[in-house]
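Remarks on the overall topology
Spelled out from the first residue to the last, the chains are:
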Amino acid sequence: MAHINQEIPREEWASYLAGISRKDATQWVRVESIDSETGDQPLADRLPLVDITLETKGSDSGAVQIIVGREGEEVTHRILEPDRLYAELDDQTKALECLEIGEKGGKTLIFFERPTDAEQVSARF
């Protein structure tokens, strides 16, 4: 399976991330943090994406916030000083498969997948 790796220019981060958040609720993700000191750390596995945003105001300006999970069981991960954003797309469908958010000393990877029909039904209840 071929992939397209695309760097997202910094001035487009807010709108690009907002576009991901607006997609349908069937988008499930796995989130991993990779740090030069601690290595690969899984943060969330196969949870619905609630929101991913770039903070544009205040003291946290520039931080990226990722929220995944179900109502009342959300997991939030913040990247305080992101310096790059890459999208890995399926070459044929152009579907987003992985989002890499880089920061000094590491990166956060968000892997996107579609749940099965049965999983979609159980996620609503």
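Above this text sits the structure in question.
Residues numbered from 1 in each chain as written. Predicted model: local features only at pLDDT ≥ 70, side-chain atom pairs only at ≥ 80, totals over all residues. Heavy atoms only, no water.

**A closer look at the pattern of salt bridges**
Note that side chains of opposite charge can pair when their charged atoms are close. As a reminder of what qualifies: In what follows, salt bridge is the name for a side-chain nitrogen of Lys or Arg lying within 4 Å of a carboxyl oxygen of Asp or Glu. Buried means the residue's accessible area, taken with a 1.4 Å probe over protein chains only, is under 20% of the maximum for its type, while exposed means over 50%, and partly exposed covers the values in between. Only DSSP runs of H or I reaching four residues or more are called helices, and only runs of E reaching two or more are called strands; each is numbered from the N terminus.
In the structure shown here, the tally under the stated rule is six salt bridges. In this structure, Asp 83 engages Arg 84 in a salt bridge whose closest nitrogen and oxygen atoms are separated by 2.6 Å. Looking at Asp 83, the relative accessible area reads 42%, which means it is partly exposed. Judged by its relative accessible area of 25%, Arg 84 falls in the partly exposed class. Salt-bridge contacts for Glu 100 lead to Arg 84; the nearest nitrogen and oxygen are separated by 3.9 Å. One end of the pair, Glu 100, is in strand β7 (residues 96-103); the other, Arg 84, is in strand β6 (residues 82-90), and 16 residues separate them in sequence. Members of the salt-bridge network, linked through shared partners, are Asp 83, Arg 84, Glu 100 and Lys 107.

**Quick notes on the sheet that holds strand β3 (residues 39-54)**
Under the convention used in this document: In this description, strands pair whenever DSSP reports at least two bridges between them. Every axis in this analysis is a line fitted to C-alpha atoms, fitted for helices over the stretch in contact. Angles between the N-to-C directions lie between 0 and 180 degrees. Note on contacts: a residue pair qualifies if any of its non-hydrogen atoms lie within 4.5 Å across the two residues.
Strand order in the open sheet formed by eight strands is β1-β6-β7-β8-β2-β3-β4-β5, and the pairing between neighbours is antiparallel. Looking along the sheet, the strands with just one partner apiece sit at the ends: β1 (3-7) and β5 (75-79). Across this sheet, the average inter-strand angle for adjacent strands is 30°, counted without regard to direction. The pairing of β7 with strand β8 (residues 106-113) spans six bridges and is antiparallel. Bridge pairing in β8 places Leu 99 opposite Ile 110. Of the strands in this sheet, β3, β4 (64-68), β6, β7 and β8 are in contact with helix α1 (residues 13-22), which crosses β3 at around 90°.

**A short note on α1**
This is how the line gets drawn: What the arc covers is the set of directions going from the helix axis to the C-beta atoms.
If you check which residues of α1 are buried, you get Trp 13, Leu 17 and Ile 20. Burial along α1 is one-sided: seen end-on, the buried residues are contained in an arc of 55°. Summarising the geometry of α1, the exposed residues directed more than 90 degrees from the buried face are Ser 15 and Arg 22. As for α1, its buried residues are in contact with β3, β4, β6, β7 and β8.

**Some thoughts on the nonpolar core**
The test is simple: Buried Ala, Val, Leu, Ile, Met, Phe, Trp, Tyr and Cys residues form a nonpolar core when they are joined through side-chain atoms within 4.5 Å.
Ile 52, Ile 66, Leu 99, Ile 101 and Ile 110 are the most contacted members of the largest nonpolar core, which has 23 residues in total. Of all elements in the fold, only α1, β2 (28-35), β3, β4, β6, β7 and β8 reach the threshold of two or more residues within this core. The residues touching Ile 66, leaving out its near neighbours within four places in the chain, are Leu 49, Asp 51, Ile 52, Val 75, Thr 76, His 77, Ile 79, Ile 101, Thr 108 and Ile 110.

**A few points about the environment of Val 68**
Secondary-structure assignment places Val 68 in strand β4. Here Val 68 falls in the buried class, since its relative accessible area comes to 2%. What Val 68 contacts, discounting residues up to four positions off in sequence, is Val 29, Val 31, Ala 44, Leu 47, Pro 48, Leu 49, Val 50, Glu 73, Glu 74 and Val 75.

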